[in-house]
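# Summary of structural features
Spelled out, the chains give:
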Amino acid sequence: MREVAIVSFAQSRHARRDLRNEVEILLPVVQEAVQRSGVERPFDFTCSGSTDFLQGQPFAFVLALDAAGAWPPIAESHVEMDGAWALYEAWVKIQTGQAETALVYSFGKSSPGDLPEVLSRQLDPYVVAPLWPDSVSLAALQARAWLEKSGRSERDLAAVAARSRRDAKGNPHATVAGDFAIDDLLDAPYLASPLRKHDCAPISDGAAALVLVAGDRARQVCERPAWIRGIDHRADLHALGARDLTRSASTRIAGEKAGVARRPVDVAELHAPFTHQEYILREALGLAEDTQINPSGGALAANPMMVAGLIRIGEAARRIHDGSARRTVAHATSGPCLQQNLVCVLEGE
Amino acid sequence: MSDAERKPVRSIQTPMRLTYHYTAGIATSRFLHGIAEGRILGQRCPVCTKVYVPPRGSCPRCAVATEEEVHVSDRGTILTFAIVRVPSENLDVPLPFACVHVLLDGADVPFFSVVQGCPLDEVRIGMRVAAAWVEPDRLAPTLQSIRWFEPTGEPDVPFDQLREHL
Ligand SMILES: [Zn+2]
């Protein structure tokens, strides 16, 4: 396996509503990631993740290429997925030997549409999507089943929200941050019981970018490269009724394949857009009690769609870049109720 | 009834409506506000100095943000054209018509529009044209504020002077 490292990462300030177009949001982020990488353009490969359904603008991903430095024409690809899967494609491209450097970015502008309604369009178009099950209601079905099975309470869910928002006070990119008392959170009305607003990730517009470099070249351009020591992604059945919603088999297998349990994990950045999902993911990955979870505040602090998974990887890499962690785990999810999951293990040297 | 006797289900109805509140972005919004005032605004790239109209806030060649706003003329030169004889349901222009790339004076990339006001066989590369705006009280932040371009009667620009913009 070829050694590949994340050598730089940048993200936007994720606002509830950003009036800039996708290129205006993306350009400063890509520039920052490129400058910090110490790698000169053009990159051997560029890969992005986004979906035009979010902003209702066809071919937004093509327009966004203006931010990538696509002239003279570059080797480029796009996934209709979170940017974490674009990173996976870039990593594979480097494994094949066709590239030594890669730029990975993603953007998401959810504010023009009604996000929970838009997300219902990813479901079975004949027998499920016509019923318009929105993303919050589906997550609530999962949360109810998980509470019943685990014996946990809505207070445990609120505790995740309070901790995430408190940690996000140190994250200048967060959409939601601050000190919230659990009792106050529990006073709020339900959106779809058992979920309240604090149990759901905020709607955010934003972008992120990072640079991958192979082998010794990564050591030359970066003081502490974040080496990708394991990466894998899996999907659960798309039919929600055919799944055990209280656990995440795809995360468990991806975590095993990525080698999460091989050594202790200092920090885990888990892409849990709903509070109960953090517990499901922790269990699936077998994380120890002393692993710090989502010091960035996680998706509950900022959740630009198609970006929040890539941000988890970037945040996990950042802890290695700054020397505060030796081994980190990042997780990204896509689809309803944690349907698709990617796990990435990063290590310093 | 067996499956063989039943007719296959050939259609189902699944009404779908998503509403988006789209905004044009910072650079394009400034451009469209300019159009509503009867002015055409471009942006200059700080690296290659090219002036983009309409601007999108970036230079796609250099991958840098464009911030310097530049007034460009509503007159220009035809860089290339096509005489369109196929109808489009969405276009309210009588057939045939000439669609053109107009290089506005002061801009470096051509502007897409249509030409009216002369016989179509006179439309040519190098021809000078000017924007025909709607009545001042009908100006709005939309490209429909420019009805079309029409010939100015100025002498043609020699092809050699246009070569680098083609
Ligand atoms: Zn330029």
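Up top is the structure these notes are about.
In what follows, the accompanying structure is described. (Residues numbered from 1 in each chain as written. Chains lettered and ligands numbered in written order. Predicted model: local features only at pLDDT ≥ 70, side-chain atom pairs only at ≥ 80, totals over all residues. Heavy atoms only, no water.)

## Focus: the overall build of chain B
Broken down by element type, chain B carries two helices and 10 strands. Secondary structure elements of chain B occur, N-terminal to C-terminal, as α-β-β-β-β-β-β-β-β-β-β-α. Over its C-alpha atoms chain B spans a radius of gyration of 22 Å, topping by over 25% the 15 Å that the globule rule assigns to 166 residues. Dimensions along the principal axes, computed over C-alpha positions, put chain B at roughly 80 × 40 × 35 Å. Buried positions account for 36% of the 166 residues belonging to chain B. Within chain B, contacts between residues separated by at least 24 positions form 53% of all contacts whose residues are at least 6 apart in sequence. When the accessible surface of chain B is summed, it comes to about 10,200 Å², and 51% of that surface belongs to carbon and sulfur atoms. Charged side chains of chain B number 17 positive and 20 negative; the gap between the two group centres comes to 6 Å. (Helix = DSSP H or I, 4+ residues; strand = E, 2+ residues; numbered from the N terminus. Rg over C-alpha atoms; globule rule 2.2 N^0.38 Å. Buried < 20%, exposed > 50% of the residue type's maximum accessible area, 1.4 Å probe, protein only. Contact = heavy atoms within 4.5 Å. Areas by Shrake-Rupley, 256 points an atom, 1.4 Å probe, with all protein chains shown as cover. Lys, Arg positive; Asp, Glu negative; His and termini not counted. Charge placed at Lys NZ, Arg CZ, Asp CG, Glu CD.)

## What about the coordination of the zinc ion?
Residue and element names in this part refer to chain B. Taken together, the protein donors to the zinc ion comprise Cys45 (SG), Cys48 (SG), Cys59 (SG) and Cys62 (SG), at separations of 2.3 Å. Around the zinc ion sit four donor atoms; with metal-centred angles ranging over 107 to 115 degrees, the donor geometry is tetrahedral. With relative accessibility at 1%, the residue Cys45 sits in the buried group. (Donors = N, O, S within 2.8 Å, 3.2 Å for Na, K, Ca; no water. Tetrahedral: all angles 85-135°; square planar, octahedral: opposite > 155°, others 65-115°.)

## A closer look at the interface of chain B and chain A
Contacts between chain B and chain A engage 24 residues on the former and 33 residues on the latter. Together chain B and chain A conceal approximately 2,200 Å² of surface at their shared face, both sides included; 56% is due to carbon and sulfur atoms. Of all residues in chain B, Tyr20(B), Arg56(B) and Ala63(B) give up the largest surface area on contact with chain A, accounting jointly for 30% of the area buried on that side. Where chain B touches chain A, the interface holds one salt bridge. Between Arg56(B) and Glu22(A) there is a salt bridge whose closest N-O contact spans 2.7 Å. The interface formed by chain B and chain A holds eight residue pairs in polar contact (both at pLDDT 80 or more) in total. Counting only elements with at least two residues in the side of chain B that touches chain A, the list comes to helix H1 (26-36), strand S3 (58-59) and strand S4 (64-65) of chain B. Taken together, the residues of the side of chain B that touches chain A break down into 14 nonpolar, seven polar and three charged. (Buried area = accessible area lost by both parts, 1.4 Å probe. Salt bridge = Lys/Arg side-chain N within 4 Å of Asp/Glu carboxyl O. Polar contact = N/O pair within 3.5 Å; in protein donor to acceptor, adjacent residues only side chain to side chain. Nonpolar A, V, L, I, M, F, W, Y, C, P; charged D, E, K, R; others polar.)

## A short note on H1(B)
Residues Ala27(B), Thr28(B), Phe31(B), Leu32(B), Gly34(B) and Ile35(B) constitute the buried set of H1(B). Down the axis of H1(B), the buried side of the element spans an arc of 155 degrees, and every buried residue falls inside it. Among the structural elements, helix H1 (22-37) of chain A together with strand S1 (40-44), strand S8 (111-115), strand S9 (128-133) and strand S10 (146-151) of chain B are those in contact with the buried residues of H1(B). Immediately beyond the C-terminal end of H1(B), within one or two residues, lies Gly38(B), with a positive phi of roughly 75 degrees. (Arc of directions from axis to C-beta.)

## Quick word on unusual backbone geometry
Residue and element names in this part refer to chain A. In the segment running from Trp71 into Pro72, the intervening peptide bond is cis, with an omega of -5 degrees. Within the fold, Pro72 resides in the loop between helix H2 (60-63) and strand S3 (76-79). Here the residue pair Ser193 and Pro194 is connected by a cis peptide bond, since its omega of 10 degrees sits within 30 degrees of zero. Along the chain, the position of Pro194 falls in the loop between strand S5 (190-192) and strand S6 (195-196). In this structure, Trp132 is a non-glycine residue whose phi angle is positive, near 55 degrees. Summarising the element assignment, Trp132 is placed in the loop between helix H4 (115-119) and helix H5 (135-150).

## Details of the side chain of Lys109(A)
Following the sequence through the fold, Lys109(A) ends up in strand S4 (residues 101-109). No salt bridge is formed by the buried Lys109(A). Its closest oppositely charged neighbour is Asp205(A), at 5.3 Å. A polar contact is formed between the side chain of Lys109(A) and the backbone oxygen of Asp18(A), at a distance of 3.2 Å. There is a polar contact of 2.7 Å between the side chain of Lys109(A) and the backbone oxygen of Arg20(A). Ignoring any residue separated from it by four or fewer positions in sequence, one finds Lys109(A) in contact with Asp18(A), Leu19(A), Arg20(A), Asn21(A), Ile25(A), Leu54(A), Gln55(A), Asp205(A) and Thr23(B).

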